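Listed here are the chains, written in short residue letters.
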Amino acid sequence: MKILVDTNIVLDVLLKNTAFLTHSKIIFDYVERKQISGFISASSITDIYFIARKRHGKEATKEALKKILSVFKPATVTDSHIYQALDLDWSDFEDSVQYVVGESLSVNYIITRNTKDFASSSIPVVTPEQFLEAITENET
């Protein structure tokens, strides 16, 4: 199974967002144990760095990203992805880029806390809780 995690899921773990940390961390654990192939779009990585650097500083953020990227594979964002995302004309351009990247990887799920902005997605878009429920059901 392949998943693409949205920026907010990585930030939950990196910034230890206690309101959402538990479920996001479990997803990280599945990917780290290689039970799931996990991807983060390259555009998310730059956003994550920008946000986390403000709280943790440059060096700590770079080290944290290296650890995250030892678990999740960075997914290339090409010029073609950008044009496709622009053509989608979604209300949130960042989410349309995530979707197009996920589509090009043939991911099974996009995991985000912001599912409403992916309403037109043909890929299942779920919250961390919904994803964990779905894979738990498949394991039984």
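As a convention, each chain's residues are numbered from 1 in the sequence order in which they are written. Local features in this predicted model are restricted to residues whose pLDDT is 70 or higher, and side-chain atom pairs enter the listing and the counts only when it is 80 or higher, whereas totals over whole chains, interfaces and linings include all residues. Water and hydrogen atoms play no part in the side-chain values, which are based on all heavy atoms of the structure.

Enquirer: What am I meant to see in unusual backbone geometry here?
Expert: Note: most peptide bonds trans; most residues except glycine with negative phi. Of note in this structure, Lys 34 is not a glycine but carries a positive phi near 65 degrees. The topology assignment puts Lys 34 in the loop between α2 (21–32) and β2 (37–41). Relative accessibility thresholds used throughout: buried, under 20% of the residue-type maximum; exposed, over 50%; partly exposed, between the two (1.4 Å probe, protein chains only). Of the residues examined, Lys 34 reaches a relative accessible area of 68% and is grouped as exposed. The backbone of Asp 89 shows a phi angle near 55 degrees, a positive value even though the residue is not glycine. Helix numbers and strand numbers start at the N terminus; a helix is a DSSP run of H or I with at least 4 residues, a strand a run of E with at least 2. Checked against the element boundaries, Asp 89 lands in the loop between α5 (79–88) and α6 (93–105). On the accessibility criterion, Asp 89 (66% relative accessible area) is exposed.

Enquirer: Explanation requested: the packing of helix α1 (residues 7–14) against α2 in the structure shown.
Expert: Between α1 and α2, whose axes approach to 9 Å, the crossing angle comes to 100 degrees. Regarding the angle of α1 to α2, the classification is roughly perpendicular. Where α1 approaches α2, its residues Ile 9, Val 10, Asp 12 and Val 13 are matched on the opposing element by Leu 21, Ser 24, Lys 25 and Phe 28. Note on method: axes are straight lines fitted to C-alpha atoms, helices fitted across the in-contact stretch only, with angles between N-to-C directions ranging 0 to 180 degrees. Here the word oblique covers every angle except those under 35 degrees (roughly parallel), over 145 (roughly antiparallel) and from 65 to 115 (roughly perpendicular). Two residues qualify as a contact provided that any one of their heavy atoms is within 4.5 Å of a heavy atom in the partner residue.

Enquirer: Looking at this model, I keep getting lost on a positive patch on the surface. Mind explaining?
Expert: Patch definition: residues above 30% relative accessible area lacking any salt bridge, with like charges linked at up to 9 Å and the nonpolar side chains Val, Leu, Ile, Met, Phe, Trp and Tyr linked at up to 5 Å. Calculation of accessible area relied on Shrake-Rupley with a 1.4 Å probe; when residues are assessed, cover is drawn exclusively from the protein chains displayed. Here, a salt bridge means any Lys or Arg side-chain nitrogen found within 4 Å of an Asp or Glu carboxyl oxygen. In summary, the charge assignment counts Lys and Arg as positive and Asp and Glu as negative, without counting His or the chain termini. To locate a charge, take atom NZ for lysine, CZ for arginine, CG for aspartate or CD for glutamate. On the surface, Arg 53, Lys 54, Lys 58 and Lys 62 cluster together to form a positively charged patch. Elements with a minimum of two residues in the positive patch: α3 (42–56) and α4 (58–69). What makes Arg 53 partly exposed here is its relative accessible area of 34%.

Enquirer: Can you help me understand the packing of α3 against α4 in this one?
Expert: Working note: a packed helix pair is described by the angle between its axes plus the distance between those axes. α4 packs onto α3 with a crossing angle of 140 degrees between their chain directions and a minimal axis gap of 8 Å. Comparing the axis directions of α3 and α4 gives the class oblique. Note that α3 runs across α4; the crossing there is right-handed. Contacts between α3 and α4 involve Ile 45, Ile 48, Tyr 49, Ala 52, Arg 53 and His 56 from the first element and Lys 58, Ala 60, Thr 61, Lys 62, Leu 65 and Leu 69 from the second. Here a crossing is called left-handed whenever its near helix is offset anticlockwise from the far helix by less than a right angle, and right-handed whenever the offset is clockwise.

Enquirer: I'm lost on the pattern of salt bridges in this one. Help?
Expert: Proximity of charged atoms lets side chains of opposite charge pair with each other. What the rule picks out here adds up to four salt bridges. One salt bridge in this structure joins Asp 117 and Lys 116, with 3.8 Å as the shortest N-O distance.

Enquirer: How should I be thinking about the environment of Ala 64 in this particular structure?
Expert: Structurally, the position occupied by Ala 64 is in helix α4. The buried category is assigned to Ala 64, whose relative accessible area is 18%. In the structure, Ala 64 is positioned 13 residues away from Ile 51 in sequence and 13 Å away in space, judged by C-alpha atoms.

Enquirer: Where do I start with α3 in this structure?
Expert: One turn of the α-helix equals 3.6 residues, which is why residues spaced by three or four share an orientation. Taking 1.5 Å per residue as the helical rise, α3 with its 15 residues ought to reach 21 Å, and the 20 Å between its terminal C-alpha atoms agrees with that figure. All buried positions along α3 are accounted for by Ser 44, Ile 45, Ile 48 and Ala 52. Check the buried side of α3 and you find it contacts α1, β2, α4, β3 (73–75) and α6. In this analysis, the expected span of each helix is defined as 1.5 Å times one less than the number of residues it contains.

Enquirer: Explain the sheet that holds β2 here, please?
Expert: Strand pairing within a sheet occurs via backbone hydrogen bonds; the two strands may be parallel or antiparallel. Only strands joined by at least two bridges in the DSSP assignment are considered to pair. Taken in spatial order, the five strands line up as β3-β2-β1-β4-β5 in an open sheet, and their pairing is parallel. Two strands close off the open sheet at either side, each with one partner strand: β3 and β5 (125–126). As paired elements, β2 and β3 share three bridges and run parallel to each other. The residue bridging Ser 41 from the neighbouring strand is Ala 75, located in β3. On top of the sheet, α3 reaches β2 and β3; it is set at about 70 degrees to β2, its chief contact.

In short, geometric facts, not functional conclusions.
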